[in-house]
Number of protein chains: 2
Amino acid sequence: MKFNKVLENIKTYEAGKPIELVVREFGIAPENVVKLASNENPIGTSPSVEKTIIANAAKAHLYPDDSMFELKAELGKKYQVNENNIIIGAGSDQVLEFISRALLNENESVLMSAVTFAMYEIYAKQMGAKIYRTASFEHKYNEFMEAYTMHKPKIVYICTPNNPTGDATSKEEVLRIIEAVGKESLVVVDGAYMEYAAAKDTQYAITPNDLLGYENVIYLGTFSKAYGLGGMRVGYGIAQAELIRELYKMRPPFNISSLSLAAAISAARDESFVEASIALHQEQIKRYEDFAKENGFSYIESYTNFITYLFDEKMNSTNIADALLKRGVIIRDLASYGMNAMRITIGTEKQNDVFFKHFSEVIA
Amino acid sequence: MKFNKVLENIKTYEAGKPIELVVREFGIAPENVVKLASNENPIGTSPSVEKTIIANAAKAHLYPDDSMFELKAELGKKYQVNENNIIIGAGSDQVLEFISRALLNENESVLMSAVTFAMYEIYAKQMGAKIYRTASFEHKYNEFMEAYTMHKPKIVYICTPNNPTGDATSKEEVLRIIEAVGKESLVVVDGAYMEYAAAKDTQYAITPNDLLGYENVIYLGTFSKAYGLGGMRVGYGIAQAELIRELYKMRPPFNISSLSLAAAISAARDESFVEASIALHQEQIKRYEDFAKENGFSYIESYTNFITYLFDEKMNSTNIADALLKRGVIIRDLASYGMNAMRITIGTEKQNDVFFKHFSEVIA
């Protein structure tokens, strides 16, 4: 059987190692495994979300309200946008997929920074599109404009704050790029970690409303990080109604589960959980910054719920990650991104204690 | 902004009306709404699944094990297949999507029966493929072979038992079609309702193992119907490892939620729930058959958890469906499938009582 040609260039995506795998492979008891690899919320699940899930557990046989009326109403209130400006995805990942499928083909290209969210490339490859990257992982106006002028990409991705590096692009710089991009190209502003950046420094705060005046811009957000719903897979895109209408054509019905829908509605109403998540994060990330300074290596100033440690040639990120894994500490090695670096989710005080204990021994 | 050409021919999918909508639109109290429109399991959620969901409610922040090791092990045991023969989707719908994206393009076509599962057409249209249908809603060897020879479709869909009609195709007939289709085409055997057919008459029972000898055949199954997980969105495809490997290239990571994964593992272990579902169904469907006979209209012999009533020109399915809806009874009008017919999920004894009361009055 002959498959579509695009499949020849796709490798199957390998997700980060889940706790279950470390338990199976290294025989470490689950309670001794510390996972700081997937930027999951260390506080856990919001108690109000937990209550909602329990209250809805007996309704697993019922399909969700596919209009997602209530969830859109919550997001509409939060961001001051209309229901028809919103599309819900199984994670903002799925909105990225809708975007790729609606706009890309083998004659088109996409533009992104040197190191950014892996799914932009994967979804573009699935459509056979060409991928261009700027020289820096930061989103620099000049680099983006040079590449944009040369390649006229159909989609320009701005991940701010950026994953897996943690840096952010100011609202001013994002708007400057948007203004310079032609209306034939879509600019995706991926704010998956925006809650952390906005709380740290208002010049990095971007809301969907800041961008709704542009017909060729979409803002992406997620419940996976600050809202603590990583396992539930709920994200969203916000843009002008005409763009949302086109993306809807690529949306499968019932694309999030009944419990995910109920959990997201509940999470959207619990801003105090987000505040608590950010407070813990801001307190604990200082330990990671101090540790790097004390041990003589550098890090990228973080606007997210993780920090990226940069190593020089004396240290090898893959060796360090492997040694940590055998001790039950899971972090994300960035070697596959071409960096001698590792990304660590900022955990709870206790998780971070465990990390520093093992990490100190590994690099000693 | 120019969107891909295929979008021009796609209408946004409209799902069946959820209970919430009927409550909103007609002001009927939720407890008085009877939904027999989406073939949800009327028994509800298995108590063991409910327990699993409650036990996992506090883990909503954690990404699932993306290898889906445990769920594949359960399915492997159930069907006597290997882990690498299995791909999990957000409903078997999503496996249909992977198949379309891996195989279809604007130069290809698909073949299906005259009236069958709506998503085959929708996913094919998203890829720009041509759609051919046989003359009958039943899967007839001669009709399929005639169309196959003429159009050489890339995918042949066999939905057995068939949705939304309820009829089934015997294993003998399915194998006859498979044997006649060339290896350059994929045959999809969609067994979403197979548990009901297999329990009714063994000549309609098809298991993935019956088909695993064919490199160009995939079997689809779901947890949405007999297993009672409609709202959780978990289905699967089973085929030779090489085909599964290609489909995996189109699978987004974490394509089902943590709770959906946990619920499906639990459901797979609870065959007694499936048996109870089928027992209730077999008892209650007789009432629908008797009602039709007593009231002088016909129905399609059903091998699924629903029944399709066929009306002559004296009765109009759309008018009947509208009248029922205003009374809080939701069923599926098949006018959009070109049939003067309606599909009714077989409910609990009490739900069916309510249906017959209102339906008797509406057609009086």
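On a predicted model such as this, the values are computed, not experimentally measured, just so you know. (Residues numbered from 1 in each chain as written. Chains lettered and ligands numbered in written order. Predicted model: local features only at pLDDT ≥ 70, side-chain atom pairs only at ≥ 80, totals over all residues. Heavy atoms only, no water.)

(A) Representation of helix α7 (residues 171–180) of chain A in the model. All names here are of chain A. The set of residues buried in α7 consists of V174, I177 and I178. Along the axis of α7, the buried residues cluster in a sector spanning 100°; they form a single face. Summarising the geometry of α7, the exposed residues directed more than 90 degrees from the buried face are E172 and E179. On the buried face of α7, the contacting elements are α6 (141–151), β5 (155–159), β6 (186–190), α9 (208–211) and β7 (217–222). (Buried < 20%, exposed > 50% of the residue type's maximum accessible area, 1.4 Å probe, protein only. Helix = DSSP H or I, 4+ residues; strand = E, 2+ residues; numbered from the N terminus. Arc of directions from axis to C-beta. Contact = heavy atoms within 4.5 Å.)

(B) Representation of the packing of helix α6 (residues 141–151) of chain B against helix α7 (residues 171–180) of chain B. All names here are of chain B. Relative orientation of the contacting elements α6 and α7 amounts to 15°, with a least axis distance of 10 Å. Taken together, the axis directions place α6 and α7 in an arrangement best described as roughly parallel. The two elements α6 and α7 cross, and the hand of that crossing is right-handed. For the pair α6 and α7, contact is made by Y141, F144, M145 and Y148 and by E173, R176, I177 and A180, respectively. Residue composition of the contact of α6 with α7, grouped by class: 6 nonpolar, no polar and 2 charged. (Axes fitted to C-alpha atoms, helices over the stretch in contact; angles between N-to-C directions. Parallel < 35°, antiparallel > 145°, perpendicular 65-115°, else oblique. Left-handed = near helix turned anticlockwise from the far one by under 90°. Nonpolar A, V, L, I, M, F, W, Y, C, P; charged D, E, K, R; others polar.)

(C) Broad picture of the pairing of strand β4 (residues 130–133) of chain A. Residue and element names in this part refer to chain A. The pairing of strand β3 (residues 109–112) with β4 spans 4 bridges and is classified as parallel. Note that in β4 the partner of M112 across the bridge is R133. Taken together, β3, helix α5 (residues 118–126) and β4 form a β-α-β motif whose crossover is right-handed. (Pairing = 2+ DSSP bridges. Right-handed = clockwise from strand over helix to strand, strands pointing away.)

(D) Broad picture of the relation of the copies chain B and chain A. Placing chain B over chain A gives an RMSD of 0.0 Å and needs a rotation angle of 180°, together with 0.0 Å of translation along the axis. Here the symmetry operator amounts to a two-fold rotation axis. No C-alpha of chain B lies nearer the rotation axis than that of I54 of chain B, which sits 2.6 Å from it. Of the residues that chain B buries at the interface, 100% are likewise interface residues in chain A, meaning the two copies contact each other through the same surface. (Least-squares fit on C-alpha atoms with pLDDT ≥ 70 in both.)

(E) Here's a closer look at the packing of aromatic side chains. Summed over all chains, the structure comprises 42 aromatic pairs over all chains. Note on Y204 of chain B and Y303 of chain B: the rings are 4.5 Å apart at their centroids and 45° apart in plane angle, and the pair reads as tilted. One end of the pair, Y204 of chain B, is in the loop between α8 (194–200) and α9 (208–211); the other, Y303 of chain B, is in the loop between β9 (298–300) and β10 (306–310), with 99 residues separating them in the sequence. A relative accessible area of 14% places Y204 of chain B in the buried class. On the accessibility criterion, Y303 of chain B (11% relative accessible area) is buried. Aromatic ring contacts, followed pair by pair, group Y288, F291, F297, Y309, F311, F355, F356 and F359 of chain A into a single cluster. (Phe/Tyr/Trp six-rings, centres within 6.5 Å; stacked < 30°, edge-to-face > 60°.)

(F) Spatial organisation of the domain arrangement of chain A. Residues and elements named next belong to chain A. Along its sequence, chain A is carved into domain 1 (5–45 + 272–363) and domain 2 (47–269). The straight-line distance from the C-alpha centre of domain 1 to that of domain 2 is 24 Å. Listed by partner, the interface residues are 28 residues for domain 1 and 34 residues for domain 2. Contact between domain 1 and domain 2 buries roughly 2600 Å² in total, counting both sides, with carbon and sulfur atoms accounting for 66%. It is T45, Y303 and Y337 in domain 1 that bury the most area against domain 2; as a group they hold 27% of the surface buried on that side. Inspection of the domain 1/domain 2 interface yields 2 salt bridges. In this structure, K200 engages E301 in a salt bridge whose closest nitrogen and oxygen atoms are separated by 2.8 Å. There are 11 residue pairs in polar contact (both at pLDDT 80 or more) connecting domain 1 and domain 2. For the side of domain 1 that touches domain 2, the secondary structure elements donating two or more residues are α12 (271–294) and β10 (306–310). (Domains from an automatic or database assignment. Buried area = accessible area lost by both parts, 1.4 Å probe. Salt bridge = Lys/Arg side-chain N within 4 Å of Asp/Glu carboxyl O. Polar contact = N/O pair within 3.5 Å; in protein donor to acceptor, adjacent residues only side chain to side chain.)

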